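Understanding the architecture of this molecule
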Amino acid sequence: MTAPNKLRARTAAYDLLDELEIRNFPISPFYVCDYLGIQCHTYAEAPQFLWPNVNTLKSKHIDGFCYRRGVESVILYDDSQSHSRIRFTVAHEIGHLILRHHIAPPDDLPADDPRWAFHKDYKESEADTFAGALIRPAVLIRMHSINDTESIVNGFDVSWECASVGLSISKKFSYNWYLSQHPFFRDCNVRMPAPNESA
Ligand SMILES: [Zn+2]
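The paragraphs below set out a description of the structure included in this document. (Residues numbered from 1 in each chain as written. Predicted model: local features only at pLDDT ≥ 70, side-chain atom pairs only at ≥ 80, totals over all residues. Heavy atoms only, no water.)

1. Some words on the nonpolar core
Defined as follows: To define a nonpolar core, start from buried Ala, Val, Leu, Ile, Met, Phe, Trp, Tyr and Cys residues and group those joined through side-chain atoms within 4.5 Å. Partly exposed residues are those whose accessible area sits between 20% and 50% of the maximum for their type, while under 20% is buried and over 50% is exposed, using a 1.4 Å probe and protein chains only. Helix and strand assignments come from DSSP, with helices taken as H or I runs of at least 4 residues and strands as E runs of at least 2, each series counted from the N terminus.
Counting 46 residues, the largest nonpolar core has Phe25, Phe130 and Leu134 as the members making the most contacts within it. Here this core gets 7 residues from one element, more than from any other, and that element is helix α1 (residues 6-20). Val54, Phe65, Tyr67 and Leu76 belong to the second-largest nonpolar core, a separate cluster that totals 9 residues.

2. Regarding a nonpolar patch on the surface
Rule in force here: Only residues above 30% relative accessible area that lack a salt bridge enter a patch, with like-charged residues linked at up to 9 Å and the nonpolar side chains Val, Leu, Ile, Met, Phe, Trp and Tyr linked at up to 5 Å. All accessibility values rest on the Shrake-Rupley procedure with a 1.4 Å probe; residue burial counts only the protein chains present in the view. A pairing counts as a salt bridge when a side-chain nitrogen of Lys or Arg comes within 4 Å of a carboxyl oxygen of Asp or Glu.
A surface patch of nonpolar side chains, amounting to about 220 Å² of accessible area, comprises Tyr35, Leu36 and Ile98. Counting through the fold element by element, tyrosine 35 comes out in helix α2 (residues 29-36).

3. A short note on the sheet that holds strand β1 (residues 38-42)
In a beta sheet, neighbouring strands are held together by backbone hydrogen bonds and run either parallel or antiparallel to one another. Our working rule: Strands were regarded as paired on the criterion that DSSP finds at least two bridges between them. Here an angle of 0 to 180 degrees is reported between the N-to-C directions of two axes, which are lines fitted to C-alpha atoms, with helices fitted over the stretch in contact. Pairs of residues are marked as contacts when any of their non-hydrogen atoms sit within 4.5 Å.
Taken in spatial order, the 3 strands make up an open sheet running β1-β3-β2, and their pairing is mixed. Each edge of the open sheet carries a strand with a single partner, namely β1 and β2 (64-69). Along the sheet, successive strands turn relative to each other by an average axial angle of 20 degrees, direction set aside. Sheet contacts for α2: β1 and β3 (72-77); angle to β1, the most-contacted strand, approximately 140 degrees.

4. Focus on the coordination of the zinc ion
Heads up, the rule is: For Na, K and Ca the donor cut-off is 3.2 Å, while for other metals it is 2.8 Å, and in both cases only N, O and S atoms qualify; water is not among them, so sites may look incomplete. Geometry is assigned from donor-metal-donor angles: four donors are tetrahedral when every angle falls between 85 and 135 degrees, four are square planar and six octahedral when opposite donors sit over 155 degrees apart with all other angles between 65 and 115, and any other arrangement is irregular.
Looking at the zinc ion, one finds its protein donor set to be His92 (NE2), His96 (NE2), Glu124 (OE) and Glu124 (OE), positioned 2.1 to 2.7 Å from the metal centre. Geometry at the zinc ion is irregular, judged from the 4 donor atoms that bind it and their angles of 52 to 132 degrees at the metal. Within one chain, the residues donating to the zinc ion are spaced in sequence as H-x3-H-x27-E. Taken as a pair, histidine 96 in helix α4 (residues 83-98) and glutamate 124 in helix α5 (residues 116-135) lie far apart in primary sequence, 28 residues in all. For histidine 96, a relative accessible area of 7% corresponds to the buried category.

5. Some words on the environment of alanine 3
The topology assignment puts alanine 3 in the segment before α1. For alanine 3, a relative accessible area of 56% gives the class exposed. Distance in space between the C-alpha atoms of alanine 3 and tyrosine 122 is 5.9 Å, their sequence separation being 119 residues. Residues within four places of alanine 3 in sequence aside, it is in contact with Tyr122 and Glu126.

6. Quick look at the packing of α2 against α4
For the record, the criterion: Should an angle fall under 35 degrees it is called roughly parallel, over 145 degrees roughly antiparallel, and 65 to 115 degrees roughly perpendicular, with every other angle called oblique. Crossings are classed by handedness, with left-handed meaning an anticlockwise turn of the near helix from the far one by less than a right angle and right-handed meaning a clockwise turn. Residue polarity follows a fixed list, in which Ala, Val, Leu, Ile, Met, Phe, Trp, Tyr, Cys and Pro are nonpolar, Asp, Glu, Lys and Arg are charged, and the others, Gly among them, are polar.
The N-to-C vectors of α2 and α4 enclose an angle of 30 degrees; their axes lie 9 Å apart at closest approach. By the criterion of interaxial angle, the relationship of α2 to α4 is roughly parallel. In terms of crossing hand, the pair formed by α2 and α4 is left-handed. Where α2 abuts α4, its residues Pro29, Phe30, Val32, Cys33 and Leu36 lie against Ile86, Arg87, Val90, Ala91, Ile94 and Ile98. Looking at the contact of α2 with α4 residue by residue, the classes come out as 10 nonpolar, no polar and 1 charged.

Listed below in structure tokens is the structure:
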């Protein structure tokens, strides 16, 4: 069984924020896709050859998926979901692509090996960690001493659930390391809307 490497996922998201020279939140995951050359389409815009697949995903309430074909990286997402859910879904799929989850798993399991289920779980967990770190970095919540969920919802344009998770992990002592060591936060001049400025 492979455990999720959340440190790697989180650091990959922070590295990307640094590379993008993000200075303001909320950020757009669609902008990140543009920067990375990832094509991003709604399910309705999916190429015809994917349609049987897309219909299955919709019937299972799966919000998005991604694939690589040659040099192309493509994300497809269900645009009938809420605004904040779409933002998280697209960021989650970027995570799968950045973390190279499409490459064979570490011990090259055959496709019918039941242990695949664990691999799938670790990938989902890592992609969720990446998505949260990208669109609502818990280190910024700590840095700006934000203590209420509503300010996080408004400041980062995320769902209540995503904001609550961010608030709780921002209190972890281990996050101090990022404040002093990671380049994105170390020299940080990132602005966030003040809590009472929120729309
Ligand atoms: Zn996923």
